[in-house]
Amino acid sequence: MSGEWAIAVEGLTKRYGPVVAVESLSFTVGCGQVLGLLGGNGAGKTTTLAMLMGLLLPSSGSISVLGEDLLRHRYRVLERINFSSPYVDLPHRLTIYQNLRVYGGLYGVRGIKMRIQQLARDLDLEGLLHRPYGRLSAGQRTRASLAKALINSPQLLLLDEPTASLDPDTADRLRGTLRDYQKASGAAVVLASHNMLEVERLCDDVIMLRQGTLFDRGSPAHLIAKYGRETLEEVFLDMARGRSLL
Amino acid sequence: MSAHLLGSVRRMSAMIERYVYLLKGSWPRVVELAYWPTMQIVLWGFLSEYLVHHSTYLAQASGVLLAAVLLWDVMFRGQLGVSVVFFEELYSRNLGHLFASPLRAYELAGALFAISLLRTLIGSGMAALFAFWFYHFPIWRMGFVLVAFFMNLLVMGWSIGLVVAGLVLRYGLGAENLAWAAVFAIAPVSGIYYPISVLPHWLQVVAQALPAAYVFSAMRTLFFHHVIALRPLWEAAMLNVVYLILGLGLFLWTFHNARMHGRLLNLGE
């Protein structure tokens, strides 16, 4: 494991009794790199993300995040990373502003008012800041969750289906915001998504997961060329349906 | 103050701010905090007035029943202030966000204690004011020892609240009714309205393991003999230290167990 990687995972395995969710997964993510995790439902994407945050303890294997052993020094890392997922909400009765203030406090963000204003501008939330999270539309919630994920200007951003339930226009703008943030900050991003166009547009590199194991890895263009398909979606469908790829 | 301690204080303050927002944003919640203890006082106040004139026992110490009701409510509110407020994180499916942040489980517990104290002061405080206004019973006349009664019962409530929160973390929201059942299960053996000597011997042994029994015993001594019994209060405090450590230990263990089984992302309504 080395400090030059934002993430270095070795032999990562998660078992729930006889069920293997992730098995012997090894990969690295460079600083400033955007990695896509691709795989069908139950392939192990969310499980992998949860282990990268320390929300889930692996059965075996090692995880280094931003140069620290996550399993031993989790709290040295957590102030520098963040995440967003449609499977986790923010408190419904608090407004976006209140939620962001609370998370700003948890992450030790200085100048929280200015940071909230900046995020509200970037994510088109200015008119919604004082509306309770529970009264937002699905798309507005996604943007609010992303604001929370960016509140501490993370060096590593973990995103689980970041544009789920967004209309194409909003999703496109949000991808632009993410790309701008990533370029400006040099943050590493790990993105689990079912949206192949999103992965092609955002990711430098893609890991394809099938039944909890690493199936293949490469840039979107490399994978498309390697398997002789027109799009990443075709590669994904072949993998997900167990069809011969070569 | 070390950087680590400052960080802890900052994160606990953020969580307290979160729970204060919740209270400020809903006046029915604030009213509800005071409603039940006040209704208890109304009921027991009339009963007290009746019994004082028909019972030589109570005639010696009017107000003892009202004091018992108010103090019992401290423990009840203290317990709910930890467990029910913790449930809010599950209702809003927020645990994943919280524990992907630098917040430690023990810091969450600390914030729950603080908000439990605030909620108890609001609820029991309003009931105490009502008891003074309606029945001319100033519980603060007990003096400084009232703080010892209050803190002992509040901390016992926290310990029970942590156990309930831990069980919900382990078994999911299906176990949330324990929050209401847990305190009532120990009420009969806490000697709230009667000395524990009336209990069968084996139940007296159980009662002697409960800090509440010592507090209510000391309260009766104060009312009937006008003596501050420090020994039972110390015994209650010692027991509370043990139970708080056990409660916190169970909560932290169930948190670790939830990380093992992936429940921090999945728990919720």
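Everything below is about the structure shown above.
What comes next concerns the included structure. Keep in mind that this is a model prediction, so the values were computed, not measured.

1. Observations concerning the overall build of chain B
Here is step 1: Helices and strands together make up the secondary structure of chain B, namely 12 helices and 0 strands.
Here is step 2: Starting at the N terminus, the α and β elements of chain B follow one another as α-α-α-α-α-α-α-α-α-α-α-α.
Here is step 3: Scaling as 2.2 N^0.38, a compact globule of 269 residues should have a C-alpha radius of gyration of about 18 Å, and chain B matches this with 19 Å.
Here is step 4: C-alpha atoms of chain B, sized along the principal axes, occupy 60 × 40 × 40 Å.
Here is step 5: The 269 residues of chain B split such that 44% are buried.
Here is step 6: Taking the contacts inside chain B whose residues are at least 6 apart along the sequence as the reference set, 76% of them involve residues at least 24 apart.

2. Observations concerning the overall build of chain A
Here is step 1: Each helix and strand counted, chain A has 9 helices and 10 strands in total.
Here is step 2: In summary, chain A has a C-alpha radius of gyration of 18 Å against a globular reference of 18 Å for 246 residues, a match within 12%.
Here is step 3: If you line up chain A on its principal axes, its C-alpha atoms span 55 × 40 × 35 Å.
Here is step 4: In chain A, which comprises 246 residues, the share counted as buried stands at 46%.
Here is step 5: Residue pairs in contact within chain A that sit at least 24 positions apart in sequence constitute 66% of those at least 6 positions apart.

3. Describing the pairing of strand 1 (residues 5-16) of chain A
Residues and elements named next belong to chain A.
Here is step 1: Pairing between strand 1 and strand 2 (residues 19-30): 8 bridges, direction antiparallel. Looking at the pairing, Y16 lines up with V19 of strand 2.
Here is step 2: Taking the residues that link successive antiparallel strands as the turn, the strand 1-strand 2 hairpin has 2 residues, and the phi of G17 there is positive, at about 60°.
Here is step 3: Alignment of strand 1 against strand 4 (residues 60-65), held across 5 bridges, turns out to be antiparallel. Directly across from V9, in strand 4, lies its bridge partner I63.

4. Thoughts on the interface of chain A and chain B
Here is step 1: On the chain B side, the residues contacting the 27 residues of chain A number 26 residues.
Here is step 2: Broken down by element, the residue count for the side of chain A that touches chain B peaks at 7 residues, all from helix 3 (residues 96-107) of chain A.
Here is step 3: By residue class, the composition of the side of chain A that touches chain B is 17 nonpolar, 5 polar and 5 charged.

5. Brief notes about unusual backbone geometry
Here is step 1: One non-glycine residue, A:L66, adopts positive backbone phi at about 50°.
Here is step 2: When you line up the elements, A:L66 lands in the loop between strand 4 and strand 5 (68-69).
Here is step 3: The exposure class of A:L66 is partly exposed, given the 18 C-beta atoms found within 10 Å.
Here is step 4: In this model, B:H136 sits at a positive phi of 55°, which is unusual for a non-glycine residue.
Here is step 5: Looking at where B:H136 falls in the secondary structure, it is placed in the loop between helix 6 (105-135) and helix 7 (145-171).
Here is step 6: Taking the number of C-beta atoms within 10 Å as the measure of exposure, B:H136 has 10 and is therefore exposed.

6. A word on the sheet that holds strand 9 (residues 205-210) of chain A
Remark on secondary structure: sheet strands pair via backbone hydrogen bonds, oriented parallel or antiparallel.
Residues and elements named next belong to chain A.
Here is step 1: Ordered by their spatial adjacency, 6 strands build an open sheet running 6-7-8-3-9-10, and the pairing between neighbours is mixed. The open sheet is flanked by strand 6 (81-84) and strand 10 (213-218), the only strands paired with a single partner. Direction aside, the axes of adjacent strands within the sheet are offset by 15° on average.
Here is step 2: Pairing between strand 3 (residues 34-38) and strand 8 (residues 188-192): 4 bridges, direction parallel. Residue pairing in the sheet places G36 in a bridge with L191 of strand 8.

7. Here's the deal with the packing of helix 7 of chain B against helix 10 (residues 211-225) of chain B
Residue and element names in this part refer to chain B.
Here is step 1: Where helix 7 meets helix 10, the closest approach of the two axes is 9 Å, and the angle between their N-to-C directions is 160°. Judged by the inter-axis angle, helix 7 sits roughly antiparallel to helix 10. Here the hand of the crossing between helix 7 and helix 10 comes out left-handed. In contact with V145, F149, N152, L153 and M156 of helix 7, helix 10 contributes P211, A212, V215, M219 and L222.
Here is step 2: Among the residues making up the contact of helix 7 with helix 10, the classes are represented as 9 nonpolar, 1 polar and no charged.

8. Considerations on the pairing of strand 9 of chain A
Residues and elements named next belong to chain A.
Here is step 1: With 4 bridges joining them, strand 3 and strand 9 adopt parallel strand pairing. Counterpart to L38 in the pairing with strand 9 is M208.
Here is step 2: The pairing of strand 9 with strand 10 spans 5 bridges and is classified as antiparallel. Bridge pairing links V206 to G218 in strand 10.

9. A short note on helix 1 (residues 45-53) of chain A
Residue and element names in this part refer to chain A.
Here is step 1: Across the 9 residues of helix 1, 9 count as buried, placing the element largely inside the fold.
Here is step 2: Taken together, the buried positions of helix 1 are K45, T46, T47, T48, L49, A50, M51, L52 and M53.
Here is step 3: One or two residues past the end of helix 1 sits G54, with phi positive at roughly 80°.

10. Structural notes on the environment of A:R15
Residues and elements named next belong to chain A.
Here is step 1: Looking at the secondary structure, you find R15 in strand 1.
Here is step 2: For R15, a count of 14 C-beta atoms within 10 Å puts it in the partly exposed group.
Here is step 3: The sequence separation of R15 and S59 amounts to 44 residues, and the corresponding C-alpha distance is 6.1 Å.
Here is step 4: In this structure R15 touches V20, A21 and S59, once residues within four positions along its chain are discounted.

11. Considering the packing of helix 1 (residues 3-24) of chain B against helix 6 of chain B
Axis angle and axis distance: for two packed helices, these are the angle between their axes and the distance between the axes, and together they describe the pair.
Residue and element names in this part refer to chain B.
Here is step 1: Interhelical geometry of helix 1 versus helix 6 gives an angle of 50° and a closest axis separation of 9 Å. Taken together, the axes of helix 1 and helix 6 lie oblique to each other. For helix 1 against helix 6, the interelement crossing comes out right-handed. Contacts from S8, R11, M12, M15, I16 and Y19 of helix 1 reach helix 6 at E107, L108, G110, A111, A114 and I115.

Calculation rules
Residues numbered from 1 in each chain as written. Chains lettered and ligands numbered in written order. Predicted model: local features only at pLDDT ≥ 70, side-chain atom pairs only at ≥ 80, totals over all residues. Helix = DSSP H or I, 4+ residues; strand = E, 2+ residues; numbered from the N terminus. Rg over C-alpha atoms; globule rule 2.2 N^0.38 Å. Buried ≥ 20, exposed ≤ 12 C-beta atoms within 10 Å, placed from the backbone. Contact = placed C-beta atoms within 7 Å. Pairing = 2+ DSSP bridges. Nonpolar A, V, L, I, M, F, W, Y, C, P; charged D, E, K, R; others polar. Axes fitted to C-alpha atoms, helices over the stretch in contact; angles between N-to-C directions. Parallel < 35°, antiparallel > 145°, perpendicular 65-115°, else oblique. Left-handed = near helix turned anticlockwise from the far one by under 90°.

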